Every structure is written in C-alpha cells, then in structure tokens.
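Chains, contacts and geometry: an overview
Here is what each chain is made of, one letter per residue.
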Amino acid sequence: KSFLNSTFVASAWEGESLVGVVRVISDQVQRSIIYDLAVLSEYQGQGIGKELVERCLKKFPKTQFTLGTSSKNYDFYKKLGFKNSNNYLEKESPFF
C-alpha cells in the first residue's frame, strides 16, 4: 500500500524483472521525501540507483528533498548533491 499511496514511484526493469525502485511523498510545492530506494545487489554500481533518484529530482524540481538513510549510503547521496542535516527528527511508529 505504501507505494500505491506515494506521490511518485519510479522503477527499473530488465525484461519482466524489477531490478530497482524508489518512491516519493511530496506536497509538490515545497517538500519532497525520498523513501525506499532499492536496487538488487547484482545490479548495484551500474547507475540504476542514480537514475532513479534523478527521476525523482526532475519530477519535483522546485521542492526541497529530504531522505533518511544509513551512513553507509551517505557517499552515494552526496554525489547527487545531498548534504547532511542536523534538522531531521523522527518519531518511530509502534507498528514497525
């Protein structure tokens, strides 16, 4: 359901196999949040993740983007223009 309720979803395919996906929640005016970027491990390092993120940025070019990720992914996102922010807070859900 989370993908169906997203503002934008982009995917990468090889034939009939899904190899990468990303989703965005956005007000389409000021703020957009990237969630759930995933590329199958055997397809990583081929530019698929970069292309998926760039599609998101092009879809909402005038909004400020936010995302949450583990520190192991920081270099990937920094290459795409993202910076560390100390302004990000999170409230965990008891349902996850």
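Read on for an overview of the structure. (Residues numbered from 1 in each chain as written. Predicted model: local features only at pLDDT ≥ 70, side-chain atom pairs only at ≥ 80, totals over all residues. Heavy atoms only, no water.)

**What to know about the pairing of strand E3 (residues 31-39)**
- Of the pairings in the sheet, the one linking strand E2 (residues 17-26) to E3 comprises six bridges and is antiparallel in character. Opposite arginine 23, over in E3, you have tyrosine 35 as the bridge partner.
- A loop of four residues connects E2 with E3, the two strands running antiparallel in sequence, and glutamine 28 in this loop sits at a positive phi of about 65°.
- Inspection of the sheet shows E3 paired to strand E4 (residues 64-67) by four bridges, in the parallel sense. For isoleucine 34, the partnering residue across the bridge sits in E4 and is leucine 67.
- A crossover links E3 with its parallel partner E4, the connecting element being helix H1 (residues 48-59), and its sense is right-handed. (Pairing = 2+ DSSP bridges. Helix = DSSP H or I, 4+ residues; strand = E, 2+ residues; numbered from the N terminus. Right-handed = clockwise from strand over helix to strand, strands pointing away.)

**Concerning the sheet that holds E2**
- In space, the four strands of this open sheet follow the order E1-E2-E3-E4, with mixed pairing throughout. At either margin of the open sheet sits one strand with a lone partner, and together these are strand E1 (8-14) and E4. Strand after strand, the sheet turns through a mean of 25° between neighbouring axes, direction not considered.
- Contacting E1, E2, E3 and E4, H1 runs over the sheet at an angle of about 150° to E1. (Axes fitted to C-alpha atoms, helices over the stretch in contact; angles between N-to-C directions. Contact = heavy atoms within 4.5 Å.)

**Thoughts on H1**
- Its 12 residues place the ends of H1 17 Å apart at the C-alpha level, agreeing with the 16 Å of an ideal helix rising 1.5 Å per residue.
- Taken together, the buried positions of H1 are Ile48, Gly49, Leu52, Val53 and Cys56. Here the buried residues of H1 occupy an arc of 135° about the axis, which is enough to place them on one side.
- The inward-facing, buried residues of H1 contact E1, E2, E3, E4 and helix H2 (74-78). (Expected span 1.5 Å × (residues − 1). Buried < 20%, exposed > 50% of the residue type's maximum accessible area, 1.4 Å probe, protein only. Arc of directions from axis to C-beta.)

**Observations regarding the side chain of serine 6**
- Tracing the sequence through the fold places serine 6 in the segment before E1.
- Serine 6 sits in the buried class, given a relative accessible area of 12%.
- In terms of polar contacts, serine 6 uses its side chain to reach the side chain of arginine 23, at 3.0 Å. (Polar contact = N/O pair within 3.5 Å; in protein donor to acceptor, adjacent residues only side chain to side chain.)

**Concerning the nonpolar core**
- Val24, Ile34, Ile48, Leu52, Cys56, Phe65 and Phe82 are the most contacted members of the largest nonpolar core, which has 19 residues in total.
- Ranked by residue count, the leading element in this core is H1, at four residues.
- Setting aside its immediate chain neighbours within four residues, isoleucine 34 contacts Val22, Arg23, Val24, Val53, Cys56, Phe65, Thr66, Leu67, Gly68 and Phe82. (Core = buried A, V, L, I, M, F, W, Y, C linked by side-chain atoms within 4.5 Å.)

**Details of the pairing of E2**
- Where burial is concerned, most of E2 is hidden: seven out of the 10 residues are buried.
- Sheet analysis places E1 next to E2, joined by seven bridges and oriented antiparallel. Of the residues in E2, the one forming a bridge with serine 11 is valine 21.
- Between E1 and E2, which follow one another and run antiparallel, lie two residues, and glycine 15 among them has a positive phi close to 65°.

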